[in-house]
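Single-letter residue listing:
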Amino acid sequence: MNVKLRLTLMNFLQFFIWGSWLITIGVYWFQNKKWSGAEFGAIFSTMGISSIFMPALTGIISDRFINAEKLYGALHIMGAIVLFTLPMVTDPSVFFWVILLNMIFYMPTLSLSITVAYSALKSNNKDVVKDYPPIRIWGTIGFIAALWVVSLTGNEASSNQFYIASAVSLALGIYAFTLPKCPPLASKIATKSFVDALGLRAFTLFRQRKFAVFFFFSMFLGAALQLTNAYGDTFLHDFKNVPEYQDLLAVKYPAVIMSISQISETLFILAIPFFLRKFGIKYVMLFSMIAWVLRFGLFAFADPAGGLWMIILSCIIYGMAFDFFNISGSLFVETQIDEKIRGSAQGLFMMMVNGFGALFGSFASGYIIQQFFTNADQSKDWYHIWITFASYTLVLAIIFPFIFKYKHNKAEAKAIEAMNH
């Protein structure tokens, strides 16, 4: 099996695990367990809590002590065990701690999978900017496949979604030990300072203005991603309470409709190399922010009947919003840093996006929705919720071009491409 095919399978399974429950856990929580909305906000904060320290920590470990693919496999096996126990939990407080443990194992595998992929591609004289996006597409396809499996088998509100995720996590954990070797490279640093000895050199990137601003806005865009993960499927499910919408496709199978977002990703991923080389990371991130404004704004005016086209268009735009930020961001980090800190630098990026960003998104949105947009009967004022989210990303889009001063150098981009070949 050639290296691209091996990495393709890794990405497919990586995101199949997440897709099995991430979008539908809200349905399981509210419709199956009948637990409260306030406690549900805490569940999504586990993603952020674990991402504050785990991706950076495992990045340091993979840079200095353990092969990245072995650490990656061990984390997935431990995550499989935890996922298998989730359906046995009957208390929302206990559920929080169990899902947090699962996230502690899962979240660092996102950055580790990138480290393994980039390392394997470079070792085989491939161009990461050109060759990684088509491989990463299969992660999105895996996410879609999981959504469809869970939704079409009637398991959106069932505990079976966690058993499915557990089985796939175990399979990936075992498979990871067969992946191309990705040994630690930080030991090759000739002069070791105290920072080097602790594996913290990636954090010195904050001294550079371009990285400081990049990571800062990564955090705020990470919050936007958290908003769509937490509330998109629940938004469509709430239309079941409106008689004229109950029998519509988007209300019966909301996860299938939401999977259009992931289908869109597969198209925009292929466009990333062109956009990065043509416009550079500054404008690619700006395009992402504008896409988030449209993503939330269209939801504000949409409904499953006459406004279904707006829901579908919002899902299509999501592909640009997600890919032009997450995947382009990881490629920007990879092409701008020393390979000896590749793991910790990717972990730092994930820490800002899925750690501080997710925490900010979870707690701020939960508080705002509860205080200002929840009616006396506990129904949600979705119009103003989405308008608020759209306004938030619009402010980011207006400020960003004036603060991020990084200038795209086309000659440099070509040099990077030549170097990767």
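Since this is a predicted model, take the numbers as computed values, not measurements.

> What exactly am I supposed to notice about the packing of aromatic side chains here?
Two measures describe an aromatic ring pair: the distance that separates the ring centres and the angle between the ring planes. The final tally for this structure, using the stated rule, is 41 aromatic pairs. Consider the rings of Phe 216 and Phe 217, whose centres lie 5.7 Å apart with planes at 85 degrees: the pair is edge-to-face. The class of Phe 216 is partly exposed, set by a relative accessible area of 41%. Phe 217 gets classed as buried once you look at its relative accessible area, which sits at 2%. Ring pairing ties together the aromatic residues Phe 235, Phe 239, Trp 292, Phe 296, Phe 299, Tyr 318, Phe 322, Trp 382, Trp 386 and Phe 389, which thus form one cluster. Above the ring of Phe 15, the side-chain terminus of Arg 136 is found at 4.1 Å from the ring centroid.

> When you look at the nonpolar core in this model, what are you seeing that I'm missing?
Soluble globular proteins: nonpolar side chains tend toward being buried together. Core analysis: the largest hydrophobic core is formed by 135 residues, its most contacted members being Trp 18, Trp 21, Phe 95 and Phe 214. Here this core spans two domains, since at least three of its residues come from each of domain 1 (1-182) and domain 2 (199-420). Residues in contact with Phe 95, not counting those within four places in the same chain, are Ile 25, Tyr 28, Trp 29, Trp 35, Ile 43, Leu 86, Val 89 and Phe 162.

> Any chance you could explain the domain arrangement of the protein here in plain terms?
Often, the extent of an interface is quoted as the loss of accessible area upon association of its parts. Assigned domains within the protein: domain 1 (1-182) and domain 2 (199-420). The centre of domain 1, based on its C-alpha atoms, is set 19 Å off from the matching centre of domain 2. Taken together, the contacts link 50 residues of domain 1 with 46 residues of domain 2. Counting each side, the surface lost to burial between domain 1 and domain 2 is near 4300 Å², with a carbon and sulfur contribution of 68%. Inspection of the region where domain 1 meets domain 2 yields zero salt bridges. Of all the secondary structure elements, the ones that give two or more residues to the side of domain 1 that touches domain 2 are α2 (25-32), α3 (37-64), α5 (92-123) and α6 (128-152). Here the side of domain 1 that touches domain 2 is composed, by residue class, of 28 nonpolar, 14 polar and eight charged.

What counts, and where the lines are drawn
Residues numbered from 1 in each chain as written. Predicted model: local features only at pLDDT ≥ 70, side-chain atom pairs only at ≥ 80, totals over all residues. Heavy atoms only, no water. Phe/Tyr/Trp six-rings, centres within 6.5 Å; stacked < 30°, edge-to-face > 60°. Buried < 20%, exposed > 50% of the residue type's maximum accessible area, 1.4 Å probe, protein only. Lys NZ or Arg CZ within 6 Å of the ring centre and 35° of its normal. Core = buried A, V, L, I, M, F, W, Y, C linked by side-chain atoms within 4.5 Å. Domains from an automatic or database assignment. Contact = heavy atoms within 4.5 Å. Buried area = accessible area lost by both parts, 1.4 Å probe. Salt bridge = Lys/Arg side-chain N within 4 Å of Asp/Glu carboxyl O. Helix = DSSP H or I, 4+ residues; strand = E, 2+ residues; numbered from the N terminus. Nonpolar A, V, L, I, M, F, W, Y, C, P; charged D, E, K, R; others polar.

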